[in-house]
Amino acid sequence: MQGDKKDCGKKEPKKRIRLSESLRSVRFTVWIYFAIFIVSILILMWITFIATFETNFRMRKNSDIEKVSNAIVSALESGSLTKRTISTLGHDYDMCIVLQDRYGLNLYSYDIMSDNCLIHGGSEQELSEYRRQARESKDHVYMTEAGNSFSVNTLLYVRALGRTETVAYLMINTSLEPLDSTEQLLREQMMQLSIFILILGFGISVFLSRLLSTPITRITRSAEKLAQGDFNVEFNGNGYTETEKLADTLNYASCEITKIDTMRRDLMANISHDLRTPLTMVKAYAEMIRDLSGDNPEKRNEHLEIIIEESDRLAALVNDIMDLTKLESGASALNLENILLSERISQIMNRYAVISERDGYSFYVSVPDDIRINVDPIKFDQVIYNLVNNAVNYSGDSREIYVCAIVSGENVEISVTDTGDGIPEDQLGVIFDRYYRAEKHKRDKIGTGLGLSIVKQILIMHGFDFGVRSEEKVGSTFWFRTKMLRS
Ligand code: ADP
């Protein structure tokens, strides 16, 4: 049988990484996304700054004027307004402040803008126009006007004071000129900050991409070693849950590969040993017939008998190897059939009549009549044959073998019991392993060490529970359990 050959050559890891591959690497991808993220943030920051700075600045100025105006009015109402209050406010908020009586005469005045101030530098006509507008608005007006030196924009606030009629006017003028210088300053600071964020961001992205890709690179390096046949390689995914899981899986895989490799070597050693022994015997006895016993019919027959026995052993071994290989490779499919258990088992047991008569073995079969199960009949026979053969081989002097089927609930447990030497407890776990043979049975001619592995594979294929109960000097029971079919 020719198994599917895997073409590993096509996927042999390449030593040199091309540019296009570098561009698809985790390291580069993380780096580029992080870089894009930082640049986008900076662009957004700049757009927001440019778009909103002027409006925000103007709103801030308005609210400052409002604050100053309210402070002056409440001081005025409480009678605590002094020239000092006005100059402090004017100084703190960078504003020209003038409080006039209803006729336009200055009561208090603070000038910080000298020539640029619209109030101090304005004509009486202009001032009375401002007052009129405030009066008509019933409270206050805002005006944005060019300052007296024309190059500077200023914000003028005029408020008419008094409940029913105007008793005084509060005029506040503040320059919008700092807008440009402040903006310039802010721009410079933001530029410095942007450069700093850019450098830091790129640094972090390089570091981060390295950090993320390092465990993957490390695992890849180990995988390359594994691919080259170094099964002792250790995968280390230290760092992240995902890479640790990957490393664990690869460690598990490499451990399984190691086991399979060891099993393959053992198997080859065992097979060659087992094939060599009967072949040596066949050759030796054939030579004996040629050289010595050829003319002596009695001796010759004895020697020929040995040759036939050894040939049978060889054939059995080769058959077992073929069966197991087929079962393990999954090439052997199940052909399930609904069988009558008692009928099938008695057919098998009939074949042991010769052994029973010739060698004095007693077979006790106890299977209820009406049980039907769903199995592959040929493989089922193989299981029963292997178990009964083992029972015959290892039943010792008692030579009693029991084949039973016991119903429990919906299941039926089928068992083969012998009253032989039993199996030591420490060997129960390995008894089903391929090529395992107990120390004391190793020199026996019977058996290949593959029978129970074949049984195990067939039962696993069927999905049956199975096992062995054994006690030294009492005997062993090999059992498996399956569902009964409703008739
Ligand atoms: P073999 O061809 O050697 O019988 P098996 O796989 O069938 O190979 O069995 C593996 C080993 O398990 C045997 O060599 C024997 O040591 C042990 N064994 C199997 N069946 C029994 C049994 N009924 N009683 C005692 N030992 C057993």
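Thresholds applied
- Residues numbered from 1 in each chain as written.
- Predicted model: local features only at pLDDT ≥ 70, side-chain atom pairs only at ≥ 80, totals over all residues.
- Heavy atoms only, no water.
- Phe/Tyr/Trp six-rings, centres within 6.5 Å; stacked < 30°, edge-to-face > 60°.
- Helix = DSSP H or I, 4+ residues; strand = E, 2+ residues; numbered from the N terminus.
- Buried < 20%, exposed > 50% of the residue type's maximum accessible area, 1.4 Å probe, protein only.
- Lys NZ or Arg CZ within 6 Å of the ring centre and 35° of its normal.
- Pairing = 2+ DSSP bridges.
- Axes fitted to C-alpha atoms, helices over the stretch in contact; angles between N-to-C directions.
- Contact = heavy atoms within 4.5 Å.
- Polar contact = N/O pair within 3.5 Å; in protein donor to acceptor, adjacent residues only side chain to side chain.
- pLDDT = per-residue confidence, 0-100.
- Lys, Arg positive; Asp, Glu negative; His and termini not counted.
- Salt bridge = Lys/Arg side-chain N within 4 Å of Asp/Glu carboxyl O.
- Core = buried A, V, L, I, M, F, W, Y, C linked by side-chain atoms within 4.5 Å.
- Domains from an automatic or database assignment.
- Patch = residues over 30% accessible without salt bridge, like charges linked within 9 Å, V, L, I, M, F, W, Y side chains within 5 Å.
- Areas by Shrake-Rupley, 256 points an atom, 1.4 Å probe, with all protein chains shown as cover.

1. Some remarks on the packing of aromatic side chains
Logical step 1: According to the stated counting rule, one finds 15 aromatic pairs in the structure shown.
Logical step 2: A centroid spacing of 5.9 Å and a plane angle of 70° characterise the contact between Trp31 and Phe202, whose relative ring orientation is edge-to-face. In this pair, Trp31 is assigned in helix 2 (residues 26–78) and Phe202 in helix 5 (residues 178–227), connecting sequence segments 171 residues apart.
Logical step 3: A residue is classified by how much of its surface remains accessible, and Phe202, at 27% relative accessible area, is partly exposed.
Logical step 4: An aromatic cluster of three or more residues is present, and its members are Trp46, Phe49, Phe53 and Phe57.
Logical step 5: Here Arg131 stacks its cationic end above the ring of Tyr169, 5.9 Å away from the centre of that ring.

2. A closer look at the sheet that holds strand 7 (residues 362–366)
Logical step 1: A sheet is described by the order of its strands in space; here 5 strands give the open sequence 7-9-10-12-11, paired in mixed fashion. The open sheet has two free edges, formed respectively by strand 7 and strand 11 (465–471), since each of these has just one partner strand. Between one strand and the next, the sheet's axes are offset by a mean angle of 15°, whatever the strand orientation.
Logical step 2: Of the strand pairs in this sheet, strand 10 (residues 411–418) and strand 12 (residues 475–483) are connected by 8 bridges, and their pairing is antiparallel. When the bridges of strand 12 are listed, Val412 appears paired with Thr482.
Logical step 3: On the sheet, helix 10 (residues 377–394) packs against strand 7, strand 9 (400–408), strand 10 and strand 12 and is oriented at approximately 30° with respect to strand 10.

3. Considering the side chain of Asp418
Logical step 1: Along the chain, Asp418 turns up in strand 10.
Logical step 2: A polar contact of 2.9 Å, which involves the side chain of Asp418, links it to the backbone nitrogen of Gly420.
Logical step 3: Discounting chain neighbours no more than four positions away, the residues touching Asp418 are Ala391, Tyr394, Ser395, Glu400, Val474, Gly475 and Ser476.

4. Focus: the confidence of the model for the protein
Logical step 1: Looking at the protein, pLDDT values average 85 and 92% of them are 70 or higher.
Logical step 2: Every residue in residues 1–6 scores below 50 in pLDDT, and together they form 2 contacts with partners more than four places removed in sequence or on other chains.

5. With respect to the side chain of Lys61
Logical step 1: You can see Lys61 is positioned in helix 2.
Logical step 2: It is Asp64 that comes nearest to the buried, bridge-free Lys61 among opposite-charge side chains, at 5.4 Å.
Logical step 3: A polar side-chain atom of Lys61 sits 3.4 Å from a polar atom in the side chain of Thr174.
Logical step 4: Apart from the residues within four sequence positions on either side, Lys61 is in contact with Tyr93, Leu155, Thr174, Ser175 and Leu176.

6. Focus on the environment of Thr249
Logical step 1: As for its placement among the helices and strands, Thr249 is situated in helix 6 (residues 241–291).
Logical step 2: Separated by 14 residues in the primary sequence, Thr249 and Phe235 have C-alpha atoms spaced 9.0 Å apart.

7. Some points on unusual backbone geometry
Note: most peptide bonds trans; most residues except glycine with negative phi.
Logical step 1: Even without glycine at this site, Asp94 takes up a positive phi of about 65°.
Logical step 2: Along the chain, the position of Asp94 falls in the loop between helix 3 (83–93) and strand 1 (95–101).
Logical step 3: Judged by relative accessible area, Asp94 falls into the partly exposed class, the value being 42%.
Logical step 4: Not every positive phi belongs to a glycine, and Arg399 is a case in point at roughly 55°.

8. Some thoughts on the nonpolar core
Logical step 1: Ranked by internal contacts, the top residues of the largest apolar core, which has 45 residues, are Leu341, Ile373, Phe380, Val388 and Ile414.
Logical step 2: Listed by contribution, the elements that provide at least two residues to this core are helix 7 (297–329), helix 8 (341–350), strand 8 (372–375), helix 10, strand 9, strand 10, helix 11 (451–462) and strand 12.
Logical step 3: The residues that make up this core include at least three from each of domain 2 (241–327) and domain 3 (333–486).
Logical step 4: If we ignore the near neighbours within four places in the chain, the residues touching Phe380 are Ile339, Leu341, Arg344, Ile345, Ile373, Val375, Ile414 and Phe480.

9. Here we look at a nonpolar patch on the surface
Logical step 1: Nonpolar side chains collect at one region of the surface, where Val39, Ile43, Ile47, Met191, Ile195, Leu198 and Ile199 lie side by side and expose about 620 Å² of accessible area between them.
Logical step 2: Of all the elements, helix 5 adds the most residues to the nonpolar patch, at 4 residues.
Logical step 3: The topology assignment puts Met191 in helix 5.

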